[in-house]
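The primary structure of each chain is shown beneath.
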Amino acid sequence: MSTRNLLAAALLAVMSGAASAEGPGLGQPLSDEEIPFYARYVMPDGRGLPEGGGTAATGSAIYAEKCATCHGATGIEGPVMPPVGPNDIWAKPAGRYWPYATTLFDYIRRAMPLDAPKSLSDDEAYALAAFILAANGVIGEGDTMDAESLPKVEMPNRDNFLDVWAKQGATPW
Amino acid sequence: MKRATDHPSVLDHVAGGGLLNRRLLLQGAVAGGGAALAGATMPRAARAQGAIPEWATVAGERARGYGMPAEAEAHVQRAILEPFADVAPQFSLSGTPHHRLRGTITPNGLHFEVHHGGRPNIDPERHRLMIHGLVERPLQFDLGALERYPMVTATHFLECSGNSLFNAIMPDPMQAGCDLLHGLLSNTEWTGIPMNVLLDEAGVKPEGRWLVATGGDGPSLARSIPVEKLMEDGMLALYQNGERIRPEQGYPMRLLLPGFEGNMNVKWLTSLWATDAPAHTKHESGEYTEILADGSSVKFTFAMGVKSVITHPSATMTMSGSGLYELSGIAWSGAGPIRKVEVSADGGASWAEAELQGPVLPRALTRFRLPWAWEGAPSLLMSRAEDATGAVQPTREAWKARYDASNFLHYNAIQAWQITANGEVQNVYA
């Protein structure tokens with residue numbers, strides 16, 4: 001390589017951020033194995049969903065044991081934001097108001113139960129999502145929720161949202 | 001030079017209900033006029049007889065490493081709400097007591113908090129920020145590395161989109177102080193690394209239009225953030241009012257998105273994951289969307305609207321007799337700087353422009369003030385802010401008409417305080 005080419009290559013390396021112009025460039029490489037699951041989110045189209053699956057019947061038993069104290073015996077009583085609707089407490093029950101069923105799986109797996117987040121297996125999170133969706137009448141009692149079926153669930157409120165960011169950006173609504 | 005006296009009738013009135021010309025503030029006339037001081041001749045040699053307080057007769061306390069408020073101010077606290085105290089006390093709201101503060105900067109210990117799963121205990125040595133997904137170089141940063149980056153400083157308010165929720169949904173106005181009524185709002189000086197520096201180092205790909213920001217808390221709170229906002233004025237905040245961010249505010253680092261609803265300013269930030277679309281995380285799917293009057297909903301309503309509140313006087317206070325007062329309050333907007341604040345003392349029949357305390361910063365609290373001669377009669381105080389985009393606060397009626405009755409988010413209607421004949425200050429809808 002000529003001196004000129006070397007110089008050009010060095011310049012390119014600098015500009016491409018190896019040592020960013022504004023910062024000292026101290027970020028360390030991050031490998032896939034170092035990233036915990038909750039640093040990503042399951043996407044509405046199902047990207048990121050793991051193996052496994054579950055049904056409302058399995059979910060019902062887990063729910064009674066691990067969720068009912070906060071969200072109510074059948075999911076409508078609360079006191080905390082009941083996920084089953086309609087109910088008298090919360091106008092946005094997760095299992096029918098949220099636009100995508102994938103969010104149920106991801107949120108339950110990362111955040112619930114409140115006192116032991118990330119303690120549930122993937123199968124348990126699928127089963128709990130199935131239980132909540134079935135209790136809302138959004139899926140059948142016997143339907144299995146897995147990486148295939150969950151993104152296909154047609155949430156009843158999906159087309160009822162206006163995306164304000166797309167419409168007007170950072171101007172307050 | 002015009003002088004204010006005890007006689008309101010000779011004052012320069014600018015609107016009904018006793019509102020006075022704000023020029024009086026500059027003349028220092030409101031302090032009570034220029035009597036006294038002259039004529040007091042002290043007898044020589046004789047020791048004055050006035051009582052000596054005991055603190056002036058002893059040596060003071062020794063120095064302490066970290067200062068604390070005066071003991072007599074111990075009651076100045078955040079108002080804590082735990083709506084599910086029996087089963088989930090970790091879910092809590094703590095409101096800044098604006099009626100007990102002046103100026104514009106919120107002390108760190110009084111900054112509002114909303115906790116969805118309690119305050120985590122993070123080891124700063126093991127905490128890291130990951131930037132990954134649709135980037136050229138997935139990277140991780142520890143605190144030591146971040147300390148070597150160039151840092152900028154900016155003053156910004158943070159407001160929970162649920163601030164003022166009681167006024168939004170309660171059929172009758174709740175009688176409470178500004179801590180419960182409007183406390184999910186605070187304003188501090190933030191110091192940290194411009195987000196674009198870190199994102200450029202990782203090299204976000206053109207198709208990486210959103211970044212999902214995730215916290216290091218138990219529930220791993222996550223929000224999808226448009227890349228434009230992060231690049232424009234997003235900050236990785238490490239310091240607040242000069243000291244390290246406190247655990248309540250995201251120690252050792254949080255995301256700061258000036259003007260955007262509090263929930264998106266992810267505390268304990270540990271991951272930014274570049275994606276081609278918003279992930280529709282839990283919070284942006286339900287809790288932080290708004291149901292409109294027609295039953296449809298709006299999502300991704302990020303910026304906070306223009307708003308103001310008179311803090312002095314405000315609900316729960318009692319006037320200490322008729323005469324001259326300074327009305328004082330705070331105004332802010334997620335869209336930019338405040339352009340003007342108008343005040344009414346007669347329920348909106350007439351308005352006068354208040355003095356804005358400079359510097360008027362974009363997306364930061366601005367204090368306004370106006371002299372007022374309270375004649376001891378019932379009056380209805382209001383403030384109405386306008387921001388640099390020309391947006392003006394709506395009436396409560398207009399705001400309510402827009403939304404479903406259940407909605408309590410993004411409430412920015414005009415606040416009215418009723419002063420009764422005997423000087424009580426009450427929260428009213430008007």
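The name given to chain B in an unreviewed UniProt entry is Sulfite dehydrogenase, with Albidovulum salinarum as the source organism. A UniProt comment under Cofactor (unreviewed entry) is attached to chain B, and it reads "Mo-molybdopterin".

An unreviewed UniProt entry annotates chain A as Cytochrome c originating from Albidovulum salinarum.

Here's the deal with the sheet that holds strand β4 (residues 92-95) of chain B
Residues and elements named next belong to chain B. The strand order across the open sheet formed by three strands is β3-β4-β5, and the pairing between neighbours is antiparallel. Single-partner strands in this sheet number two, and they are β3 (79-81) and β5 (113-115). In this sheet, adjacent strand axes meet at a mean angle of 10° when their direction is disregarded. Judged from the three bridges that link them, β4 and β5 form a sheet pairing that is antiparallel. Paired with S92 across the strands is H115, a residue of β5.

A word on helix α5 (residues 102-111) of chain A
Judged by how many residues are buried, α5(A) sits mostly within the fold: ten of ten residues are covered. Those residues of α5(A) lying buried are A:T102, A:T103, A:L104, A:F105, A:D106, A:Y107, A:I108, A:R109, A:R110 and A:A111. Its buried side turned inward, α5(A) meets α4 (94-97) and α6 (122-135) of chain A together with β10 (210-215), β11 (222-226) and α7 (282-287) of chain B.

A look at the packing of aromatic side chains
Scanning all chains against the criterion turns up 16 aromatic pairs over all chains. Geometrically, the ring pair formed by A:Y97 and A:F161 is edge-to-face, given 5.3 Å between the ring centres and 70° between the ring planes. With A:Y97 in helix α4 and A:F161 in strand β4 (residues 161-163), the pair connects residues that are 64 residues apart, well separated along the chain. Looking at A:Y97, the relative accessible area reads 6%, which means it is buried. With 5.2 Å between their ring centres and 55° between their planes, B:F84 and B:F91 make a pair best called tilted. Given a relative accessible area of 12%, B:F84 falls into the buried group. Relative accessible area serves as the criterion here: at 12%, B:F91 is assigned to the buried category.

Let's talk about the sheet that holds strand β17 (residues 297-299) of chain B
As summarised here, the arrangement of the three strands in space is β4(A)-β17(B)-β16(B), forming an open sheet in which the pairing is mixed. Here the strands that pair on one side only, and so sit at the sheet edges, are β4 of chain A together with β16 (290-291) of chain B. For β16(B) and β17(B), the ladder comprises two bridges, and the chain directions are antiparallel. Bridged to B:E290 within β17(B) is B:V298.

What to know about helix α5 (residues 195-202) of chain B
Residue and element names in this part refer to chain B. Most of α5 is tucked away, with six of its eight residues classed as buried. Among all positions of α5, only M195, V197, L198, L199, E201 and A202 are buried. Among the residues trailing α5, G203 stands out with phi positive, at a value near 75°.

Section: the UniProt feature "domain: Cytochrome c" (unreviewed entry) in chain A
The UniProt feature table records "domain: Cytochrome c" (unreviewed entry) at residues 54-136 of chain A. Between the end C-alpha atoms of residues 54-136 of chain A there is a gap of 17 Å, over a span that is 52% helix and 2% strand.

About the cut-offs
Residues numbered from 1 in each chain as written. Chains lettered and ligands numbered in written order. Predicted model: local features only at pLDDT ≥ 70, side-chain atom pairs only at ≥ 80, totals over all residues. Heavy atoms only, no water. UniProt positions renumbered as here; feature names shortened; annotations may be inferred. Pairing = 2+ DSSP bridges. Helix = DSSP H or I, 4+ residues; strand = E, 2+ residues; numbered from the N terminus. Axes fitted to C-alpha atoms, helices over the stretch in contact; angles between N-to-C directions. Buried < 20%, exposed > 50% of the residue type's maximum accessible area, 1.4 Å probe, protein only. Contact = heavy atoms within 4.5 Å. Phe/Tyr/Trp six-rings, centres within 6.5 Å; stacked < 30°, edge-to-face > 60°.

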